[in-house]
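Now for the letters of each chain:
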Amino acid sequence: MLGFRPEWAFGGGLQAVTFVSWRDSKAYLEHHLSFYPSLGRMEVTPGHEGKPEPGVLYPVVAGDAAILRCFRCHSTGAIRVTEGLRIGVAEPGVRCESCHGPGAEHVSKPGLGNIVNPRKYSAAQMNDLCGSCHRKPASAGDSTDWGNAWNVRHQPLYLAESACFVKSAGRLSCKTCHDPHSGAVAPSCAQCHAKPRHRPATRVAGSGCVSCHMPGVVPRPGLKFANHWIGVYAPGRPLRPVQK
Ligand code: HEC
Ligand code: HEC
Ligand code: HEC
Ligand code: HEC
Ligand code: HEC
Ligand code: HEC
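Residues numbered from 1 in each chain as written. Chains lettered and ligands numbered in written order. Predicted model: local features only at pLDDT ≥ 70, side-chain atom pairs only at ≥ 80, totals over all residues. Heavy atoms only, no water.

**Some words on the overall build of the protein chain**
Part 1 of the argument: A count of helices and strands for the protein chain gives eight helices and nine strands.
Part 2 of the argument: Oriented by its inertia axes, the alpha-carbon framework of the protein chain measures out at about 65 × 55 × 35 Å.
Part 3 of the argument: Accessible surface for the protein chain amounts to roughly 15700 Å². Of this, 59% is attributable to carbon and sulfur atoms.
Part 4 of the argument: For the protein chain, the distance from the average position of its 28 positive side-chain charges to the average position of its 16 negative side-chain charges is 12 Å. (Helix = DSSP H or I, 4+ residues; strand = E, 2+ residues; numbered from the N terminus. Areas by Shrake-Rupley, 256 points an atom, 1.4 Å probe, with all protein chains shown as cover. Lys, Arg positive; Asp, Glu negative; His and termini not counted. Charge placed at Lys NZ, Arg CZ, Asp CG, Glu CD.)

**Topic: the site of ligand 5**
Part 1 of the argument: In the vicinity of ligand 5 lie 21 residues, with Cys-174, Cys-177, His-178, Ala-226 and His-228 positioned nearest.
Part 2 of the argument: Here a nitrogen atom of ligand 5 and a side-chain polar atom of His-178 are 2.8 Å apart.
Part 3 of the argument: Residue His-228 places a side-chain N or O atom 2.9 Å away from a nitrogen atom belonging to ligand 5.
Part 4 of the argument: For the shell around ligand 5, the elements supplying multiple residues, two or more each, are helix H4 (123-134), helix H5 (155-159), helix H7 (174-177) and strand E9 (223-226). (Near = heavy atom within 4 Å. Polar contact = N/O pair within 3.5 Å; in protein donor to acceptor, adjacent residues only side chain to side chain.)

**Some thoughts on the packing of aromatic side chains**
Part 1 of the argument: One pass over the full model with this rule turns up five aromatic pairs.
Part 2 of the argument: Considering the side-chain rings of Phe-10 and Phe-71, the 5.2 Å spacing of their centres and the 75 degrees angle between planes classify their relative orientation as edge-to-face. Taken together, the positions of Phe-10 in strand E1 (residues 8-10) and Phe-71 in helix H1 (residues 66-74) put the pair 61 residues apart, joining distant regions of the chain. The two residues Phe-10 and Phe-71 agree in class, both being buried.
Part 3 of the argument: Pairing Trp-146 with Trp-229 gives two aromatic rings, centres 5.2 Å apart and planes at 65 degrees, and the pair type is edge-to-face. Residue Trp-146 is located in the loop between H4 and H5, and its partner Trp-229 is located in the segment after E9; the two are separated by 83 residues in the primary sequence.
Part 4 of the argument: A relative accessible area of 15% places Trp-146 in the buried class.
Part 5 of the argument: Lying over the aromatic face of Trp-22, Arg-86 brings its terminal NZ or CZ to 4.2 Å of the ring centre. (Phe/Tyr/Trp six-rings, centres within 6.5 Å; stacked < 30°, edge-to-face > 60°. Buried < 20%, exposed > 50% of the residue type's maximum accessible area, 1.4 Å probe, protein only. Lys NZ or Arg CZ within 6 Å of the ring centre and 35° of its normal.)

**Describing the coordination of the iron atom of ligand 3**
Ideal values differ by geometry: the angle at a metal is 109.5 degrees with four tetrahedral donors, but 90 or 180 degrees with six octahedral donors.
Part 1 of the argument: Coordination of the iron atom of ligand 3 by the protein comes from a single atom, His-134 (NE2), at 2.1 Å.
Part 2 of the argument: For His-134, the location among the structural elements is in helix H4. (Donors = N, O, S within 2.8 Å, 3.2 Å for Na, K, Ca; no water.)

**A closer look at the pairing of strand E8 (residues 216-220)**
Part 1 of the argument: In this structure, E8 lies alongside E9, joined through three bridges in antiparallel fashion. Looking at E9, one finds that Gly-216 is bridged to Ala-226. (Pairing = 2+ DSSP bridges.)

**Let's talk about the pattern of salt bridges**
Part 1 of the argument: Taken as a whole, this structure holds four salt bridges when the rule is applied.
Part 2 of the argument: By sharing partners, the salt bridges in this structure join Arg-41, Glu-43 and Arg-220 into a single network. (Salt bridge = Lys/Arg side-chain N within 4 Å of Asp/Glu carboxyl O.)

**Description of the pairing of strand E4 (residues 41-44)**
Part 1 of the argument: Sheet topology note: the strand E3 (residues 27-36)/E4 ladder contains four bridges and is antiparallel. Considered in E4, the bridge of Phe-35 is made with Met-42.
Part 2 of the argument: The turn linking E3 back onto E4 is made up of four residues, and Gly-40 within it adopts a positive phi angle of 75 degrees.

Shown next as structure tokens:
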């Protein structure tokens, strides 16, 4: 059994939902079991493999206060820590102000000068905006273990390795393929690769570009991430492109 009633549900519900509860004035509990929509059932939470129930405790103030970091990326606006060290958020989930900054002034007096507008961002600025949440945590160190399937979820890091990014003179950003508002994905490869030189050319017929050049990586059943290191992959080896 869970032992503690779930208080917060983390995750947009596409990959997994992890439950977190206030335990006492020292710690929050991340529950041992998470819900995986694609499996249709509860299974062990990522990172809890081999650890006991009811789950992992995170201190609210001591240590690296990882629980506050969860709320920082998964909610919008200021975080309050109230009596009994209970955490409160302004808005759950990733909302307008996560990307456009504080909007109160803009709402009371709408104008272009008092709101962050990422429309004119360079590709690097755009990748930094999205990367403020989607990159790997800084505390994990600077060198990336490309052989670790869990790291593929840090899309900005992987995209930055691609020849498409490095050699396109700042034209490729998250926005090229993702609509930041609807969540729609449209990988517009043709924008830069009108006629890829495939041998034989028929290789391409009938299948999208992404299945071969951005293969899906499954770090555990129920979770799947597209490898944003766009490149040429050997069959069955989706972690890292074939090096030339
Ligand atoms: C640095 C920002 C950041 C921190 C800190 C963070 N998350 Fe996330 N989390 C994300 C992002 C971004 C995604 C979306 C990942 C994706 O789908 O590519 C995500 C996805 C998830 C998901 C969906 C499943 C998955 O793996 O994609 C769950 C559940 C989740 N986070 C829970 C937590 C919990 C619990 C904590 C604290 C222990 C936490 N997160 C800390 C940014 C963060
Ligand atoms: C995940 C980040 C993100 C979130 C959340 C987000 N936006 Fe945006 N928004 C952007 C980006 C990036 C652009 C620039 C898009 C472009 O260049 O086409 C943008 C552009 C806009 C524009 C157009 C500005 C212009 O000059 O055309 C408006 C208006 C806007 N957003 C409003 C909102 C509102 C309202 C919400 C909440 C309901 C919201 N956004 C949530 C990232 C975000
Ligand atoms: C404030 C942190 C934050 C920022 C900034 C952010 N994201 Fe996210 N994003 C998340 C989290 C957390 C999730 C996991 C789902 C959830 O909890 O809503 C997510 C999920 C996603 C997903 C997959 C799920 C879906 O809804 O389709 C995409 C794609 C995505 N983000 C793209 C972007 C792009 C592109 C940008 C930059 C314009 C961006 N994000 C900026 C935190 C952020
Ligand atoms: C903004 C432009 C741009 C976009 C969009 C783009 N690419 Fe590229 N891509 C490039 C450039 C530039 C190169 C480097 C070409 C060279 O080395 O001459 C490249 C290289 C490649 C390579 C060779 C990789 C290597 O390591 O040499 C592949 C494969 C590739 N792209 C596939 C794709 C696919 C598939 C998509 C869509 C998912 C895509 N690209 C989207 C610009 C782009
Ligand atoms: C060349 C196109 C392209 C670019 C550029 C791109 N993505 Fe993606 N992204 C995709 C595709 C394709 C998927 C897989 C969609 C699916 O499976 O439905 C995806 C999936 C995702 C997801 C869902 C989880 C996953 O990994 O499958 C997130 C989150 C995401 N992208 C974030 C980003 C961020 C942040 C950036 C900028 C650093 C970015 N993407 C740049 C094409 C792109
Ligand atoms: C069935 C797998 C597969 C599909 C689908 C596929 N490719 Fe490729 N692609 C490869 C392989 C393997 C190579 C390297 C060997 C070769 O050149 O034939 C390659 C090479 C490339 C290159 C580098 C060679 C060059 O032209 O400079 C680019 C760019 C590229 N593909 C783009 C695309 C685009 C764009 C699409 C979608 C229209 C696509 N590919 C669909 C397997 C695929």
